[in-house]
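# Examination of the molecular architecture
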Amino acid sequence: MMHNPTLRRASLLTPAIAVILLLIGVPLCLMGWISLLGKGTSSGVDWASLPSVANYVRLVWEEDFDGTMILNSSYLVIFLRSVVLAAVTTIFSLLLGLPVALWMAGLSRTGRDAMLLLITIPFWTNLLVRNYAWLIILREDGWVAKSVNAISPFGPVQLLYNDTAVAIGLTYSFLPFMILPLYTVFEKFDWRLLEAAYDLGATRKRALRRVLLPIATPGIMAGSLLVFIPCLGAFVTPALLGGGKTLMLGNIIQMQFGASRNWPFGASLSVILLAAMLIVMTAMALLRNRRTA
Amino acid sequence: MTDASVPPAVSIRNVSKSFGKGIYTVPVLDDVSLNIDRREFFTLLGPSGCGKTTLLRLIAGFETANAGTIAIEGQDVTAAPPFHRPVNTVFQSYALFPHLTVEQNVAFALVEQGLAREAIRTRVGEALEMVRMGAFARRRPAELSGGQQQRVALARALAPRPRVLLLDEPLSALDLKLRKEMQLELKQLQAEAGITFLFVTHDQEEALTLSDRVAVMQAGKILQMGPPREIYERPTHRFVADFIGDINLLEGEALPGGGVRLGPGAVVPLTCATPGKVTIAIRPERARLATVGEGTLDATVIHSAYLGTAMLHKLGLPDGSTFLLRQSESSGPPPETGSRVGLTLPGEAIRVLLQ
Amino acid sequence: MNPRRFPFTREISLAVMAYLYVPVVVLIAYSFNANRTATIWTHASVSWYGRILENPSIQAAAWNSLVLAVCAATAATLLALLAALSTRRDFLGRGAAETVLNMPLILPEIVVAVATLLLFVALGVHLGLTAMMAAHTAFCIPFAYLPIRARLDGMSGTYEEAAQDLYASRFRTFRRVTMPMLWPGVMAGFTLAFVTSLDDFLTSFFLSGPGTTTLPVYIFSAIRSGISPEINAISAVMLVVSVLLVALSFFLGRLRR
């Protein structure tokens, strides 16, 4: 029994921290280093190569056969598509999540608990399986596609393997991340404030905009971050519902570790993904600070 | 009462305690000393934040004093952990273990003491009978009412037969009627168990009803310590007088030749050590009505309230302050609102206070 | 008028619930479809469930997933329990410690997965079950940590004071009061860590060696080669198992609050 509280605390805390740092922190640093190395012939990494930013240059320019650098937009397009899809998903989730969270907060205690469980369950069930379910629903010979095509004025439409399918899948996958923080805000909300707003002559719509929305802002920001970040790094949804046509960052990272076997380039793509994530998080933090200041 | 050869149940010598570090240090107890006799019902009374609970926690061992010593029945426990001190606590929130039954809660300390199964069974039974909770032995705390939880907490703390029972505002969570009942039971229980009780409360009425002795605390210091009657009738400090019961405080000037002048022509026969400004105190029931001009002061009746066995009059004094007077039914007809009356302040009922 | 009621929120909520649950119901319904083509309904049958029980590669993958989840969740829960006990009171650096503990939650999984792959390859660690166990333990820690911390936060320190007051030493207090009161939180944490590991696809996808496929990795490669009724059946099984476990952890977390 250790009676020194500092020593006791350190000895209890160290194992978990060490495991996370060794298995997540150290690998991330190593990845940063590898992103500067060259592609190896046998193992994927040429450990002896000199560090350079060539992998990052390759994201935007490629060497033409005569040695001049020309713009290569293919990675930029994928990067942009990832950002746009993540943003669209965040907006969809907000539009759907806000009314749900609002409605939940107005329920009885049992109702709220039941809804909370219902919202949480998809969050814990297998992402792969849930996206696979959409594959069944949207596939060409499925009844949804058939009924849509029967009434479509534009001739046969392809429901799967496009940006829309990926957006539907992403929203479906990450919607609970938006609802939960919003609900947390509304649950703590003092509803008498709204009564006061009505009392002061505000209509329902204006009360919503002037009282509820400002109060919900921290929840909206937290939820947006929780949806946007995993969307940016999504792999399963575009792999299944994008069908190799709608590629996102996650897919091209995986390709470098699979078929292309260019690990340093994959590492540099991962670094870009991390950097994008950090920029968004910092921007959010700055926005929050400015609001509270 | 105090026998010099027997060490007191609790002896606290020059104990100080502060929380926080550096410039954030907040002093909570300032050089406190007191002795509690064996089998005494001793109460620490004061407003919240006066340090009474901290003093109790120091005796229980949950906090460590910055200075001073604490002894229980002559044994120094200043540095001992709670589990090595022969005291048990009844917590304000009861702190009954929710995962254990009533029986298991009461047996908790007995198991730690290493008693045999049979002995534990007997002692648990006795303790639960003592608080009349025998029928609830197999229940969980969550299935009990507040008053029942209170009784179980008492039984749990008494079962290991501590030298001193510490009670931290144990009745504050109960409603008024239940609180009155429990006050009587507590007093009885103490007599039966023959254990020293150290009781902490902010309720002056509770303190006066229950205690053999009361210590009134303010800002980390003990202002006055003594039997309830003494505290009530002869408060030494303005704070004590004000905190306990209704009282009238009057500003006056001690005259060099003796007597305290309260206003033009109003002198009460009192002797003060030093001349100058003083505060005097008198209880509402100790002042008397008189004919105008014949009392110590003249006053106007502002408002009267009927209390059942007495009348309470609110009087206006010449200097603009108000005075409460309690008139018993036997002392003649009550004056009318708005009328002028005389006010007699008997010298033996007046206390001169320290600030 | 009730200030908590807003027009259309009920209708939108019901539509959202349908959006969340219809695919799941469709998937489960199709798993009972007798037709080989998987999307054309003929009649109800449980034959595909019988088929997956006989499939040795599914059996092996399921066994791997189970062993992996049990080991990773146990290790993560143990580490998280110790960490939660040590971060109970405020101290200098508690914020930093919690940031590290929650790191796996905010980092994109694909980045962590490939980074771990790079580390293991650089160190010459053999890919397979052991490698997956290590990686799963790391990212399961916050899932076990959060419910345990929540339970501890809701637990007043007075209970421990009461135990010590009743002569229990520090160790005995931990054994007789802290642990029993914390237990539902520990079980909830274990369950969530278990589900997280069981459902994980990406990390296992990169770290599984030959012959150490997990169920999600198996399902992914099976989907890649086309929709089949067997996938519907295993997917349905995985869904049901996760739902049951999460519901269990939800009720454990609320136990005797």
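Model, not experiment: these values are computed from the prediction. (Residues numbered from 1 in each chain as written. Chains lettered and ligands numbered in written order. Predicted model: local features only at pLDDT ≥ 70, side-chain atom pairs only at ≥ 80, totals over all residues. Heavy atoms only, no water.)

## Examining the overall build of chain A
Along chain A, the regular secondary structure elements total twelve helices and four strands. In terms of overall size, chain A is more extended than a compact globule, its C-alpha atoms giving a radius of gyration of 24 Å where 293 residues would be expected to give roughly 19 Å. Put simply, chain A has 293 residues, and 48% of those count as buried. A sequence separation of at least 24 residues applies to 64% of the contacts in chain A between residues at least 6 apart. Roughly 14,000 Å² of accessible area belongs to chain A as shown, and the carbon and sulfur atoms make up 68% of that amount. Computed over 22 positive and 13 negative side-chain charges, the inter-centroid distance for chain A is 11 Å. (Helix = DSSP H or I, 4+ residues; strand = E, 2+ residues; numbered from the N terminus. Rg over C-alpha atoms; globule rule 2.2 N^0.38 Å. Buried < 20%, exposed > 50% of the residue type's maximum accessible area, 1.4 Å probe, protein only. Contact = heavy atoms within 4.5 Å. Areas by Shrake-Rupley, 256 points an atom, 1.4 Å probe, with all protein chains shown as cover. Lys, Arg positive; Asp, Glu negative; His and termini not counted. Charge placed at Lys NZ, Arg CZ, Asp CG, Glu CD.)

## Comments concerning the interface of chain B and chain C
Across the boundary between the two partners, chain B contributes 25 residues, which contact 18 residues of chain C. For the pair chain B and chain C, the two sides together bury roughly 2,100 Å², of which 61% comes from carbon and sulfur. Taken as a group, B:Phe83, B:His99 and B:Glu112 account for 32% of the area that chain B buries against chain C, more than any other trio of residues on that side. There are three salt bridges connecting chain B and chain C. C:Arg176 is the partner of B:Glu112 in a salt bridge, and the nearest nitrogen-oxygen pair spans 2.8 Å. (Buried area = accessible area lost by both parts, 1.4 Å probe. Salt bridge = Lys/Arg side-chain N within 4 Å of Asp/Glu carboxyl O.)

## Side note on the packing of helix α7 (residues 158–165) of chain C against helix α8 (residues 170–199) of chain C
All names here are of chain C. Two elements in contact, α7 and α8, have axes whose closest approach is 9 Å; the angle formed by their N-to-C orientations is 140°. Between α7 and α8, the crossing angle belongs to the class labelled oblique. The two elements α7 and α8 meet at a crossing, and its hand is right-handed. Of the residues in α8, those touching α7 at Tyr159, Glu160, Ala163 and Gln164 are Arg170, Thr173, Val177, Thr178 and Met181. Partitioning the contact of α7 with α8 into residue classes produces four nonpolar, three polar and two charged. (Axes fitted to C-alpha atoms, helices over the stretch in contact; angles between N-to-C directions. Parallel < 35°, antiparallel > 145°, perpendicular 65-115°, else oblique. Left-handed = near helix turned anticlockwise from the far one by under 90°. Nonpolar A, V, L, I, M, F, W, Y, C, P; charged D, E, K, R; others polar.)

## A word on helix α11 (residues 249–257) of chain A
Summarising burial for α11(A): eight of the nine residues are buried, a large majority. Those residues of α11(A) not exposed but buried are A:Leu249, A:Gly250, A:Asn251, A:Ile252, A:Ile253, A:Gln254, A:Gln256 and A:Phe257.

## What to know about the layout of surface pockets
The computed volume of the second largest pocket comes to approximately 1,900 Å³. Together, 40 residues line the second largest pocket, and A:Pro5, A:Arg8, C:Arg89, C:Gln164 and C:Arg170 are the ones closest to its centre. Listed by contribution, the elements that provide at least two residues to the lining of the second largest pocket are α1 (5–34) of chain A, β1 (10–19) of chain B together with α3 (56–86), α7 and α8 of chain C. For the lining of the second largest pocket, the leading source of residues is α1(A), giving six residues. Looking at side-chain class alone, the lining of the second largest pocket contains 17 nonpolar, eleven polar and twelve charged residues. (1 Å grid on protein atoms, 1.4 Å probe; cavity = no way out; pocket = protein on both sides within 12 Å on 5 of 7 lines; lining within 4 Å. Points joined across faces, edges and corners; volume = space filled by probe spheres on them.)

## So, the side chain of B:Asn88
Take B:Asn88: it is sitting in strand β6 (residues 87–90). The residues contacting B:Asn88, other than those within four sequence positions of it, are B:Ala157, B:Pro160, B:Pro162, B:Val164, B:Leu165, B:Leu166, C:Asp165, C:Leu166 and C:Tyr167.

## Thoughts on the packing of helix α4 (residues 109–124) of chain A against helix α7 (residues 163–188) of chain A
Residue and element names in this part refer to chain A. Two elements in contact, α4 and α7, have axes whose closest approach is 9 Å; the angle formed by their N-to-C orientations is 155°. Between α4 and α7, the crossing angle belongs to the class labelled roughly antiparallel. Crossing of α4 over α7 shows left-handed handedness. Counted together, Arg112, Leu116, Ile119 and Phe123 of α4 and Pro176, Phe177, Ile179, Leu180, Tyr183 and Glu187 of α7 form the full contact between these two elements. Grouping the amino acids of the contact of α4 with α7 by side-chain chemistry returns eight nonpolar, no polar and two charged.

## A short note on the packing of aromatic side chains
For any pair of aromatic rings, the description rests on two quantities: the centre-to-centre distance and the angle between the ring planes. Residue and element names in this part refer to chain B. Taken as a whole, this structure holds 25 aromatic pairs over all chains when the rule is applied. Pairing phenylalanine 41 with phenylalanine 199 gives two aromatic rings, centres 5.7 Å apart and planes at 45°, and the pair type is tilted. Taken together, the residues phenylalanine 41 in strand β3 (residues 41–45) and phenylalanine 199 in strand β8 (residues 196–201) connect sequence positions 158 residues apart. Phenylalanine 199 carries the same exposure label as phenylalanine 41, and that label is buried. It is arginine 156 that lies over the ring of phenylalanine 97; its NZ or CZ is 4.8 Å from the centre. A cation sits over an aromatic face here: arginine 283 above tyrosine 232, 3.9 Å from the ring centre. (Phe/Tyr/Trp six-rings, centres within 6.5 Å; stacked < 30°, edge-to-face > 60°. Lys NZ or Arg CZ within 6 Å of the ring centre and 35° of its normal.)

## What about the arrangement of the chains?
Counting contacts across all two pairs of chains that touch, the top-ranked interface belongs to chains A and C. At the C-alpha level, the nearest point of chain A lies 12 Å from chain B, with no contact between them.

## Focus: the interface of chain A and chain C
The interface of chain A with chain C comprises 84 residues on the first partner and 82 residues on the second. Taken together, both faces of the contact between chain A and chain C bury some 7,800 Å²; the carbon and sulfur share is 81%. When the buried area of chain A at its contact with chain C is split by residue, A:Trp124, A:Tyr132 and A:Arg204 rank highest and sum to 10% of it. Here chain A and chain C share zero salt bridges between them. Sorting elements by how many residues they give to the side of chain A that touches chain C places α1(A) first, with 20 residues. Looking at the side of chain A that touches chain C residue by residue, the class counts come to 65 nonpolar, ten polar and nine charged.

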